[in-house]
Amino acid sequence: MAAMQGGSAETSSTPPDRAHASFRRVVAWSPGTDTLIAAATLVVFWGCYWAGTTVNEWFLLAGVIVVGTLIPAWTVLQQRGEGLEGLGIRRRFLVVSLIIAGVMGAGSAYQLFTLAAAQDVAVLPHLVGNLLVFWEPLFVFGWLYLRWERAFGWLPAILLTGAGFVLQHIGSVPFEAALGFGGFAVVFAIAFACVRNLAILWPLFYPVASGIGTLQAGFVMGWSSVGSGALLLAVQGFVLAGVWWTVHRK
């Protein structure tokens, strides 16, 4: 995946309707087929998330791979020809994004350690487990946010991202916790909107913030979660690489 991030994302073909890349509107109305697909994936992923946390975790794993990775990658890379930058994986603003993410992550670390100590939770496996959750920033921001921004402008996109994040967690966590997650998502979306580069969230900031959120919701990650998370991340990387290779071999 690192090789893909440093590849030809910025030089891939650009469809004429990608006006949002050169002129970002506060409010717009330009929904397309990808907007409908994004809305559908959000609803289906909510079902997968709920079933994965209440019935069997395989529902969530399937949702991450198919709904959260394969469909977005195929739509953006194959159908729209946008390249990986269309999913927020880009070189532009990379260094700035990493610096900001590092500062935000360091600033949030104290709260994570305080919560972990209060709940008698081992910080290292919990933090590493959240570090491996790349699928959530990719799906919520690289996929959904960028679809909302193109269709409706960046201000509605920020609000829709927060609302979508609330929906994603309804039924899986207490409603108050879901609302809190939505508030975090709005803050993350504001940061992401400034650069449209996932590096401003992952891997330096999002794992810390997600670690705080999961502790507040009562989800603790141990070393078993680290193992399954590493496998899921590897499969997700394989799917992204496979779609990217399929598009670029032509």
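Scroll up for the structure.
Rules behind the numbers
- Positions within a chain are numbered from 1, following the residues in the order the chain's sequence is written.
- Per-residue local features of the predicted model are confined to residues with pLDDT of at least 70, and side-chain atom pairs are confined, for both listing and counting, to 80 or more; whole-chain, interface and lining totals are unaffected and use all residues.
- Calculated side-chain values reflect all of the structure's heavy atoms, with hydrogen atoms and water omitted.
- Under the DSSP-based scheme used, a helix requires at least four consecutive residues in state H or I and a strand at least two consecutive residues in state E, with every element numbered from the N terminus.
- Within these notes, the globule rule equals 2.2 Å times the number of residues to the 0.38 power, and the radius of gyration is based on C-alpha atoms.
- Throughout, a contact is declared for two residues whenever any of their heavy atoms are within 4.5 Å.
- To measure how exposed things are, a 1.4 Å probe is used in the Shrake-Rupley method; for residues, cover is taken only from the protein chains shown.
- Note that His is not counted, nor are the chain ends; the positive residues are Lys and Arg, and the negative ones are Asp and Glu.
- For the purpose of locating charges, the reference atoms are NZ of Lys, CZ of Arg, CG of Asp and CD of Glu.
- To pair, rings of Phe, Tyr and Trp, with the six-membered ring standing in for Trp, must have centres within 6.5 Å; the planes then decide the type, stacked if under 30 degrees apart, edge-to-face if over 60, and tilted in the middle.
- Residue exposure (1.4 Å probe, protein chains only): buried if accessible area is under 20% of the type maximum, exposed if over 50%, otherwise partly exposed.
- Interaxial angle, 0 to 180 degrees, is taken between N-to-C directions of lines fitted to C-alpha atoms, where a helix line uses only the stretch in contact.
- Note on convention: near helix rotated counterclockwise from far helix by under a right angle means a left-handed crossing. Clockwise means right-handed.
- Polarity classes work like this: nonpolar for Ala, Val, Leu, Ile, Met, Phe, Trp, Tyr, Cys and Pro, charged for Asp, Glu, Lys and Arg, and polar for all others, with Gly in that last group.
- Nonpolar core, defined: a set of buried Ala, Val, Leu, Ile, Met, Phe, Trp, Tyr and Cys residues in which side-chain atoms within 4.5 Å join the residues together.
- Identification of polar contacts relies on pairs of N or O atoms within 3.5 Å, with a donor-acceptor requirement for protein atoms, meaning one able to donate a hydrogen and the other able to accept it, and with residues adjacent in sequence counted only if both atoms are side-chain atoms.

(A) Up close: the overall build of the protein chain. Counting its regular elements, the protein chain contains 10 helices and zero strands. Moving toward the C terminus, one meets the helices and strands of the protein chain in the order α-α-α-α-α-α-α-α-α-α. Since a compact globule built from 250 residues should have a radius of gyration of about 18 Å, the 17 Å found for the protein chain is in line with a globular shape. C-alpha atoms of the protein chain, sized along the principal axes, occupy 55 × 35 × 35 Å. Across the protein chain, the fraction of contacts at a sequence separation of at least 24, relative to all contacts at a separation of at least 6, is 83%. Split by element, the accessible area of the protein chain, about 11300 Å² in all, is 73% carbon and sulfur. With 12 positive and 10 negative side-chain charges, the protein chain shows a spacing of 13 Å between the two charge centroids.

(B) Spatial organisation of the packing of aromatic side chains. Enumeration according to the criterion identifies 13 aromatic pairs in this entry. Pairing Tyr145 with Phe192 gives two aromatic rings, centres 5.5 Å apart and planes at 85°, and the pair type is edge-to-face. Of the two residues, Tyr145 is situated in helix α6 (residues 135-152) and Phe192 in helix α8 (residues 175-195); the sequence distance between them amounts to 47 residues. The residues Tyr145 and Phe192 share a single accessibility class, namely buried.

(C) Layout of the packing of helix α2 (residues 33-54) against α6. Contact geometry of α2 with α6 gives a least axis separation of 9 Å together with a crossing angle of 145°. Crossing angle aside, the handedness with which α2 passes α6 is left-handed. In contact with Asp34, Thr35, Ile37, Ala38, Ala39, Thr41, Leu42, Phe45 and Tyr49 of α2, α6 contributes Trp135, Phe139, Trp143, Leu144, Arg147, Trp148, Arg150, Ala151 and Phe152. Classifying every residue of the contact of α2 with α6 by side-chain character gives 13 nonpolar, two polar and three charged.

(D) Focus on the nonpolar core. Counting residues in each nonpolar core, the largest one holds 60 residues, and the members touching the most others are Phe45, Leu87, Phe134, Phe141, Tyr145, Phe192 and Leu201. At the level of secondary structure, the elements contributing two or more residues to this core comprise α2, α3 (57-79), α6, α7 (154-169), α8, α9 (206-216) and α10 (223-248). Formed by seven residues, the second largest nonpolar core is a distinct cluster that contains Ala116, Val123, Val208 and Ile212.

(E) Region of the structure containing the side chain of Arg90. Here Arg90 is to be found in the loop between α3 and α4 (94-118). Arg90 gets classed as buried once you look at its relative accessible area, which sits at 10%. A distance of 2.9 Å separates a polar side-chain atom of Arg90 from the backbone oxygen of Val195.

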